[in-house]
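A closer look at the structure
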Amino acid sequence: MTPPKIGTVMWPMQSWPDAGELWRRAEDLGFRHAWVYDHIAWRGTTPWYDAYTTLAAAAAVTSRVRIGTLVTSPNFRHPVPTAHAIKTIDHVSGGRLAIGIGSGGTRRASDAGVLGGDDWTPGERASRFAEWVGLLDRLLREPETTFEGEYYTAREVVLEPGCVQRPRVPFVIAGNGPRGMRLAARHGAGWVTSGRPEGGTAQETVRSRLEALDAACEAEGREIEDRILLTGFSGEPWLDSTGSFDDLAGRYAELGVTEIVLHWPRPGSPFDADMKVFESIAEKYGTGPGEGR
């Protein structure tokens, strides 16, 4: 059994250059990837800086760690300018960017509804998500894109020379329902879940979702190698000790999880943790300086 690789969620709450020092620290600790939530605000937290601008700056001060959003959504982003930013950051980073994509939250305290208009029904949200991902895929693959959809339009959009990574920047899809699973199987290089329990334990929930993902991949004739667990939402003691992490990481690896993402400890929040434990886990499971990602 191969131990899961690890990443971390960075909080876009510090201005530069202080934030840059944390991104360099994440790279030095050996995290395979470092992510940022893509919101206008998150649960009322302030300050909260823009994800794509943050990633461009992070790309400029790091050289090995992979970076990305976890996740971008249609809540306030249109695929056309989003694709343009993705292509640019992929070039700035030298091909280290991945884009996590989700259907978007429904909390007003974050960014649901910030553009005004009627609230989206669950069906509309899922349909927007599918159309958004499909159009973003085309924009990043094709030299010129014209598209007329139910929700989004693109007219003679040129994004040459395209991404550094070919055929495009990899997508990591967050989708737990049938439509989201199909979307992940069709477009994703990776899939991510929070493991928040649904009527059972977190591990039972993840097992069930992985089985559904396998079925969706079989139907699409594709395989998703990166199966990512975003921790911090299931009540499990991931950062209580290195031994606790070892135990949980082993259990989830047996289920088929290949990547585990920890939140950078944030004092005064539910994501606070002993920094020494956090660092020891990174040093044990991460890759050393100069090693491949």
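Everything discussed here concerns the structure shown above.
Before going into details, it helps to say that this report is about the structure given with it.

Calculation rules
Residues numbered from 1 in each chain as written. Predicted model: local features only at pLDDT ≥ 70, side-chain atom pairs only at ≥ 80, totals over all residues. Heavy atoms only, no water. Salt bridge = Lys/Arg side-chain N within 4 Å of Asp/Glu carboxyl O. Helix = DSSP H or I, 4+ residues; strand = E, 2+ residues; numbered from the N terminus. Buried < 20%, exposed > 50% of the residue type's maximum accessible area, 1.4 Å probe, protein only. Pairing = 2+ DSSP bridges. Core = buried A, V, L, I, M, F, W, Y, C linked by side-chain atoms within 4.5 Å. Contact = heavy atoms within 4.5 Å. Axes fitted to C-alpha atoms, helices over the stretch in contact; angles between N-to-C directions. Phe/Tyr/Trp six-rings, centres within 6.5 Å; stacked < 30°, edge-to-face > 60°. Lys NZ or Arg CZ within 6 Å of the ring centre and 35° of its normal.

**Considering the pattern of salt bridges**
Between side chains of opposite charge, a pair can form as their charged atoms come close. Tallying each qualifying case throughout the model produces 18 salt bridges. Arg168 is paired through a salt bridge with Asp137; the nearest N and O atoms lie 2.6 Å apart. Residue Arg168 is found in the loop between strand E6 (153-158) and strand E7 (171-174), and its partner Asp137 is found in helix H4 (residues 122-141); the two are separated by 31 residues along the sequence. Like Asp137, Arg168 is buried. Linked through salt bridges whose partners overlap, the residues forming this network are Glu27, Asp28 and Arg64.

**Things to note about the pairing of E7**
In this sheet, E7 lies alongside strand E4 (residues 97-101) in parallel orientation, the contact comprising 3 bridges. Looking at E7, one finds that Ile99 is bridged to Phe171. Across 3 bridges, the pairing between E7 and strand E8 (residues 190-193) is parallel. Counted as the bridge partner of Ile173 is Trp191 from E8.

**Quick look at the nonpolar core**
Where a protein is soluble and globular, its nonpolar side chains tend to be buried together. With 81 residues, the main nonpolar core has Ile101, Trp238 and Phe245 as its most contacted residues. With 7 residues, H4 is the largest single contributor of residues to this core. Apart from residues lying up to four places away in sequence, Ile101 is in contact with Val71, Thr72, Phe129, Trp132, Val133, Leu136, Phe171, Val172, Ile173 and Ala174.

**Comments concerning the environment of Pro17**
Relative to the helices and strands, Pro17 resides in the loop between strand E1 (5-10) and helix H1 (18-29). Sequence separation of Pro17 and Val61 is 44 residues, and the distance between their C-alpha atoms is 10.0 Å.

**Quick look at the pairing of strand E2 (residues 33-36)**
Remark: a regular strand shows side chains that alternate across the two faces of the sheet. Alternating positions in E2 separate into two faces, His33 and Trp35 on one and Ala34 and Val36 on the other, with burial throughout. Here E1 runs beside E2; their pairing, made up of 4 bridges, is parallel. Residue pairing across strands places Thr8 opposite Ala34, the latter belonging to E2. Inspection of the sheet shows E2 paired to strand E3 (residues 66-72) by 4 bridges, in the parallel sense. Bridge assignment links Trp35 to a residue of E3, and that residue is Gly68.

**Section: the sheet that holds strand E10 (residues 259-263)**
Each strand in a sheet pairs with another by means of backbone hydrogen bonds, the pair being arranged parallel or else antiparallel. Reading around the barrel, the 8 strands line up as E1-E2-E3-E4-E7-E8-E9-E10 and close back on themselves, with parallel pairing between neighbours. Direction aside, the axes of adjacent strands within the sheet are offset by 25° on average. Sheet topology note: the E8/strand E9 (residues 226-230) ladder contains 4 bridges and is parallel. Within the sheet, the bridge partner assigned to Val192 lies in E9 and is Ile228. Taken strand by strand, helix H2 (residues 51-61) contacts E2, E3 and E4, and its axis lies near 175° from that of E3.

**Points about the packing of aromatic side chains**
Inspection of the entire model under this criterion finds 13 aromatic pairs. Taking the centre distance of 6.4 Å and the plane angle of 75° together, the rings of Trp11 and Trp48 count as edge-to-face. Taken as a pair, Trp11 in the loop between E1 and H1 and Trp48 in the loop between E2 and H2 lie far apart in primary sequence, 37 residues in all. Side by side, Trp11 and Trp48 carry an identical accessibility label, which is buried. Following the ring pairs from residue to residue traces out a cluster consisting of Trp11, Tyr37, Trp42, Trp48, Phe233 and Phe271. Stacked on the ring of Phe171, the Lys or Arg Arg168 has its end atom at 3.6 Å from the ring centre. Geometry around Trp11 places Arg266 over its ring, the cationic atom sitting 4.2 Å from the centre.

**Considering unusual backbone geometry**
For the bond running from Leu70 to Val71, omega is 5°, close enough to zero to count as cis. Residue position: Val71 is located in strand E3. Residue Pro167 is bonded to the preceding Arg166 through a cis peptide linkage, with omega at 5°. When you line up the elements, Pro167 lands in the loop between E6 and E7. Notably, Glu156 is not glycine yet its phi reads approximately 50°, a positive angle. For Glu156, the location among the structural elements is in strand E6. Assessed through its relative accessible area of 57%, Glu156 is described here as exposed.

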